Amino acid sequence: MSPSHHAPLRAVALVCTLSPSPARSSSQLLAEQTMTALAEHGVTGKVVRVVDHRVKPGVEIDMGEGDDWPEIRAAILDCDILILSTPIWLGHPSSIAQRVLERLDAELGESDDQGRMLTYGKAAAVCVVGNEDGAHKVSADLFQGLNDVGFTLAPNAVTYWVGEAMQGTDYQDLDETPAKTAATTRTLAANTAHLARRLKAAPYPAS
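Residues numbered from 1 in each chain as written. Predicted model: local features only at pLDDT ≥ 70, side-chain atom pairs only at ≥ 80, totals over all residues. Heavy atoms only, no water.

## Some details on the packing of helix α3 (residues 95–104) against helix α4 (residues 135–148)
The contact between α3 and α4 brings their axes to 9 Å, and the two run at 15°. The pairing of α3 with α4 is recorded here as roughly parallel in orientation. Every pair of crossing elements has a handedness; the one defined by α3 and α4 is left-handed. In this structure, α3 uses A97, L101 and L104 to contact α4, whose residues at the interface are L142, G145 and L146. A class-by-class count of the residues in the contact of α3 with α4 yields 5 nonpolar, 1 polar and no charged. (Axes fitted to C-alpha atoms, helices over the stretch in contact; angles between N-to-C directions. Helix = DSSP H or I, 4+ residues; strand = E, 2+ residues; numbered from the N terminus. Parallel < 35°, antiparallel > 145°, perpendicular 65-115°, else oblique. Left-handed = near helix turned anticlockwise from the far one by under 90°. Contact = heavy atoms within 4.5 Å. Nonpolar A, V, L, I, M, F, W, Y, C, P; charged D, E, K, R; others polar.)

Below is the structure:
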(Lines give C-alpha, C1' and ligand atoms only; values in the text may rest on other atoms or scores of the structure.)
Protein backbone atom coordinates (compact mmCIF):
# COMPACT_ATOMS: atom_id res chain seq x y z
CA MET A 1 0.00 0.00 0.00
CA SER A 2 1.52 3.36 -1.00
CA PRO A 3 2.35 6.01 1.63
CA SER A 4 -0.22 8.30 0.00
CA HIS A 5 -2.93 5.91 1.20
CA HIS A 6 -2.26 7.18 4.72
CA ALA A 7 -1.60 10.82 3.88
CA PRO A 8 -3.42 13.10 6.33
CA LEU A 9 -6.41 14.98 4.97
CA ARG A 10 -8.41 17.94 6.18
CA ALA A 11 -12.17 18.46 5.91
CA VAL A 12 -14.59 21.25 6.69
CA ALA A 13 -18.30 20.61 7.17
CA LEU A 14 -20.63 23.52 6.51
CA VAL A 15 -23.88 23.01 8.42
CA CYS A 16 -26.76 24.81 6.73
CA THR A 17 -29.39 24.60 9.45
CA LEU A 18 -31.61 27.67 9.85
CA SER A 19 -31.15 27.52 13.64
CA PRO A 20 -28.31 29.56 15.19
CA SER A 21 -26.22 28.06 17.98
CA PRO A 22 -26.76 26.88 20.63
CA ALA A 23 -30.01 25.42 19.30
CA ARG A 24 -29.91 21.69 18.62
CA SER A 25 -29.68 20.70 14.98
CA SER A 26 -30.14 17.39 13.16
CA SER A 27 -28.00 18.71 10.30
CA GLN A 28 -25.23 19.45 12.79
CA LEU A 29 -25.53 15.98 14.32
CA LEU A 30 -25.26 14.17 10.98
CA ALA A 31 -22.32 16.39 9.95
CA GLU A 32 -20.54 15.59 13.20
CA GLN A 33 -21.19 11.87 12.72
CA THR A 34 -19.75 12.16 9.20
CA MET A 35 -16.63 13.88 10.54
CA THR A 36 -16.26 11.09 13.10
CA ALA A 37 -16.48 8.52 10.31
CA LEU A 38 -13.92 10.46 8.26
CA ALA A 39 -11.56 10.52 11.24
CA GLU A 40 -11.28 6.74 10.91
CA HIS A 41 -9.63 7.42 7.54
CA GLY A 42 -7.09 9.94 8.78
CA VAL A 43 -9.21 13.02 8.16
CA THR A 44 -9.27 15.92 10.62
CA GLY A 45 -11.18 19.18 10.42
CA LYS A 46 -13.97 21.28 11.78
CA VAL A 47 -17.70 21.86 11.61
CA VAL A 48 -18.98 25.37 10.84
CA ARG A 49 -22.61 26.36 11.41
CA VAL A 50 -23.01 28.91 8.62
CA VAL A 51 -25.97 30.77 10.16
CA ASP A 52 -23.73 31.75 13.10
CA HIS A 53 -21.74 33.88 10.65
CA ARG A 54 -22.71 36.85 8.54
CA VAL A 55 -22.60 35.52 5.00
CA LYS A 56 -23.84 38.25 2.71
CA PRO A 57 -25.85 37.46 -0.42
CA GLY A 58 -23.89 37.71 -3.64
CA VAL A 59 -21.63 35.84 -6.04
CA GLU A 60 -18.27 37.42 -5.22
CA ILE A 61 -15.50 35.97 -3.06
CA ASP A 62 -15.77 39.03 -0.79
CA MET A 63 -18.90 41.17 -0.53
CA GLY A 64 -17.18 43.85 1.52
CA GLU A 65 -17.32 45.08 5.10
CA GLY A 66 -19.12 42.77 7.49
CA ASP A 67 -18.97 39.75 5.19
CA ASP A 68 -17.74 36.61 6.97
CA TRP A 69 -17.59 34.48 3.83
CA PRO A 70 -13.89 35.15 3.13
CA GLU A 71 -12.99 33.42 6.42
CA ILE A 72 -15.18 30.42 5.57
CA ARG A 73 -13.79 30.37 2.04
CA ALA A 74 -10.24 30.28 3.41
CA ALA A 75 -11.15 27.17 5.41
CA ILE A 76 -12.61 25.55 2.28
CA LEU A 77 -9.50 26.30 0.21
CA ASP A 78 -7.31 24.92 3.00
CA CYS A 79 -9.14 21.58 3.07
CA ASP A 80 -9.25 18.48 0.90
CA ILE A 81 -12.90 17.61 1.55
CA LEU A 82 -15.99 19.81 1.79
CA ILE A 83 -19.08 18.43 3.51
CA LEU A 84 -22.34 20.29 2.96
CA SER A 85 -25.06 19.37 5.47
CA THR A 86 -28.61 20.64 5.01
CA PRO A 87 -32.14 20.10 6.23
CA ILE A 88 -34.97 19.73 3.74
CA TRP A 89 -37.43 22.64 3.70
CA LEU A 90 -40.41 22.56 1.34
CA GLY A 91 -38.67 19.87 -0.71
CA HIS A 92 -35.48 21.91 -1.21
CA PRO A 93 -32.09 22.46 0.42
CA SER A 94 -32.20 25.22 3.02
CA SER A 95 -31.79 28.83 1.95
CA ILE A 96 -28.44 28.79 3.77
CA ALA A 97 -27.24 25.90 1.59
CA GLN A 98 -28.35 27.81 -1.49
CA ARG A 99 -26.44 30.87 -0.30
CA VAL A 100 -23.31 28.76 0.16
CA LEU A 101 -23.61 27.54 -3.43
CA GLU A 102 -24.15 31.10 -4.63
CA ARG A 103 -21.01 32.27 -2.86
CA LEU A 104 -19.08 29.29 -4.24
CA ASP A 105 -20.13 30.44 -7.72
CA ALA A 106 -17.37 33.04 -7.42
CA GLU A 107 -14.82 30.22 -7.72
CA LEU A 108 -15.65 30.01 -11.43
CA GLY A 109 -13.58 33.19 -11.81
CA GLU A 110 -10.60 32.05 -9.71
CA SER A 111 -7.75 29.84 -10.97
CA ASP A 112 -4.21 28.71 -10.26
CA ASP A 113 -1.17 29.39 -12.43
CA GLN A 114 -2.20 26.56 -14.76
CA GLY A 115 -5.72 27.86 -15.24
CA ARG A 116 -7.39 25.28 -12.98
CA MET A 117 -10.13 26.29 -10.56
CA LEU A 118 -8.89 26.43 -6.96
CA THR A 119 -11.55 23.90 -5.99
CA TYR A 120 -10.19 21.31 -8.44
CA GLY A 121 -8.64 18.45 -6.54
CA LYS A 122 -11.08 18.76 -3.66
CA ALA A 123 -13.73 16.15 -2.91
CA ALA A 124 -17.22 17.01 -1.68
CA ALA A 125 -20.04 15.10 -0.04
CA VAL A 126 -23.51 15.86 1.27
CA CYS A 127 -25.58 15.18 4.41
CA VAL A 128 -29.38 15.60 4.28
CA VAL A 129 -31.98 15.37 7.03
CA GLY A 130 -35.71 16.04 7.00
CA ASN A 131 -39.20 14.68 7.18
CA GLU A 132 -40.95 12.88 4.34
CA ASP A 133 -39.29 12.22 1.01
CA GLY A 134 -36.83 14.49 -0.78
CA ALA A 135 -33.29 13.46 0.17
CA HIS A 136 -32.47 12.28 -3.36
CA LYS A 137 -33.82 15.45 -4.92
CA VAL A 138 -31.94 17.66 -2.46
CA SER A 139 -28.68 15.74 -2.91
CA ALA A 140 -29.09 15.96 -6.69
CA ASP A 141 -29.40 19.76 -6.44
CA LEU A 142 -26.31 20.01 -4.26
CA PHE A 143 -24.29 17.52 -6.31
CA GLN A 144 -24.87 19.54 -9.47
CA GLY A 145 -23.99 22.83 -7.79
CA LEU A 146 -20.85 21.47 -6.14
CA ASN A 147 -19.68 19.86 -9.37
CA ASP A 148 -20.32 23.06 -11.32
CA VAL A 149 -17.98 24.99 -9.03
CA GLY A 150 -15.16 22.49 -9.27
CA PHE A 151 -15.63 19.79 -6.63
CA THR A 152 -15.42 16.05 -7.33
CA LEU A 153 -17.88 13.57 -5.81
CA ALA A 154 -17.21 9.94 -4.98
CA PRO A 155 -19.75 7.13 -5.41
CA ASN A 156 -22.38 7.25 -2.67
CA ALA A 157 -21.34 10.77 -1.63
CA VAL A 158 -24.51 11.41 0.37
CA THR A 159 -25.76 10.20 3.72
CA TYR A 160 -29.28 11.03 4.81
CA TRP A 161 -32.23 10.35 7.03
CA VAL A 162 -35.85 11.22 6.34
CA GLY A 163 -38.77 10.49 8.66
CA GLU A 164 -42.16 9.11 7.80
CA ALA A 165 -44.67 11.35 6.06
CA MET A 166 -47.01 13.50 8.13
CA GLN A 167 -45.14 13.25 11.43
CA GLY A 168 -42.68 15.40 13.34
CA THR A 169 -39.80 13.23 14.54
CA ASP A 170 -36.35 14.78 14.08
CA TYR A 171 -33.18 12.82 13.42
CA GLN A 172 -31.64 14.21 16.60
CA ASP A 173 -34.58 12.85 18.64
CA LEU A 174 -34.08 9.22 17.63
CA ASP A 175 -32.98 6.88 20.42
CA GLU A 176 -30.15 5.61 18.23
CA THR A 177 -28.80 6.18 14.76
CA PRO A 178 -30.56 3.87 12.26
CA ALA A 179 -28.20 1.13 11.07
CA LYS A 180 -28.70 1.98 7.39
CA THR A 181 -27.87 5.66 7.93
CA ALA A 182 -24.79 4.75 9.97
CA ALA A 183 -23.62 2.34 7.26
CA THR A 184 -24.21 4.93 4.56
CA THR A 185 -22.20 7.50 6.53
CA ARG A 186 -19.31 5.04 6.80
CA THR A 187 -19.42 4.39 3.05
CA LEU A 188 -19.46 8.12 2.30
CA ALA A 189 -16.41 8.59 4.54
CA ALA A 190 -14.44 5.70 3.06
CA ASN A 191 -15.12 6.64 -0.56
CA THR A 192 -14.65 10.38 -0.10
CA ALA A 193 -11.36 10.01 1.80
CA HIS A 194 -10.12 7.59 -0.88
CA LEU A 195 -11.07 10.01 -3.66
CA ALA A 196 -9.50 12.99 -1.89
CA ARG A 197 -6.20 11.11 -1.52
CA ARG A 198 -6.20 10.09 -5.18
CA LEU A 199 -6.87 13.68 -6.26
CA LYS A 200 -4.13 14.97 -3.98
CA ALA A 201 -1.65 12.49 -5.42
CA ALA A 202 -2.69 13.03 -9.05
CA PRO A 203 -4.12 16.53 -9.69
CA TYR A 204 -6.34 17.22 -12.66
CA PRO A 205 -4.41 18.38 -15.75
CA ALA A 206 -4.55 21.93 -17.00
CA SER A 207 -7.07 22.32 -19.82
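## Focus on the packing of aromatic side chains
Scanning the model with the defined rule gives 2 aromatic pairs in all. Centre to centre, the rings of Y120 and Y204 are 5.7 Å apart; their planes meet at 70°, and the pair counts as edge-to-face. In this pair, Y120 sits in the loop between α3 and β5 (123–131) while Y204 sits in the segment after α5 (179–201), placing the two residues 84 residues apart along the sequence. Ring plane angle 40° and centroid distance 5.8 Å describe the contact between W161 and Y171, whose orientation is recorded as tilted. (Phe/Tyr/Trp six-rings, centres within 6.5 Å; stacked < 30°, edge-to-face > 60°.)

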